[in-house]
Amino acid sequence: MEPLFSYGTLQLDQVQLSQFGRLLDGSDDVLHGYVITEIQIRDPAVLDASGIETHLALIPGDGPPIAGKVFQLSAKELEAADIYESENYVRQWVPLASGTHAWVYVRA
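My aim in this report is to walk through the structure given alongside it, one point at a time. Fair warning: this is a prediction, and the values are worked out from it, not measured in the lab.

This part takes up the side chain of Glu-85. Following the sequence through the fold, Glu-85 ends up in helix H3 (residues 75-85). Buried charged residue Glu-85 carries no salt bridge. Nearest counter-charge: Arg-91, at 9.4 Å. The contacts of Glu-85, once residues within four sequence positions are left out, are Leu-10 and Tyr-105.

Residues of helix H1 (residues 13-20) that are buried include every one of Val-15, Gln-16 and Phe-20, and no others. The buried residues of H1 occupy one face: seen down the axis, they fall within an arc of 100 degrees. Of the surrounding secondary structure, the elements contacted by the buried residues of H1 are helix H2 (44-50), strand E5 (66-73) and H3. Of the residues flanking the end of H1, it is Gly-21, one or two places downstream, whose phi is positive at about 75 degrees.

Our focus in this paragraph is the nonpolar core. Phe-5, Leu-31, Leu-58, Leu-73 and Val-104 are the most contacted members of the largest nonpolar core, which has 30 residues in total. Excluding residues within four positions of it along the chain, Leu-73 makes contact with Met-1, Glu-2, Leu-4, Phe-20, Arg-22, Leu-24, Leu-78 and Ala-81.

Counting across every chain of the model gives one aromatic pair. When the ring of Trp-93 is compared with that of Trp-103, the centres are 5.0 Å apart and the planes differ by 65 degrees; the resulting orientation is edge-to-face. Of this pair, Trp-93 sits in strand E6 (residues 89-95) while Trp-103 sits in strand E7 (residues 101-107), placing them ten residues apart in sequence. For Trp-93, a relative accessible area of 45% translates into the label partly exposed.

Calculation criteria
- Residues numbered from 1 in each chain as written.
- Predicted model: local features only at pLDDT ≥ 70, side-chain atom pairs only at ≥ 80, totals over all residues.
- Heavy atoms only, no water.
- Helix = DSSP H or I, 4+ residues; strand = E, 2+ residues; numbered from the N terminus.
- Buried < 20%, exposed > 50% of the residue type's maximum accessible area, 1.4 Å probe, protein only.
- Lys, Arg positive; Asp, Glu negative; His and termini not counted.
- Salt bridge = Lys/Arg side-chain N within 4 Å of Asp/Glu carboxyl O.
- Contact = heavy atoms within 4.5 Å.
- Arc of directions from axis to C-beta.
- Core = buried A, V, L, I, M, F, W, Y, C linked by side-chain atoms within 4.5 Å.
- Phe/Tyr/Trp six-rings, centres within 6.5 Å; stacked < 30°, edge-to-face > 60°.

Here's what the structure looks like:
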């Protein structure tokens, strides 16, 4: 299983069901070293799944701690998340406040 830190729409039930076919059980964690910004989504599949045009995105910076959920995904589910995040994001391996590491999507 692959840990994925989510701070945005991947926490939404409708996105989880559309991308993974199941609801995810996550644990709380915190990410440091990034700042949240917003981006406009144009991908019709992402808009259909989330129902939201403006999504959050991370950029490196010294901002307040970012709370989120860590989900355990299979390799196939992680690939589905990559497709959902599309060209707007890149996946990076980051340390979390808990002392563990996880994948997270940051602004491309």
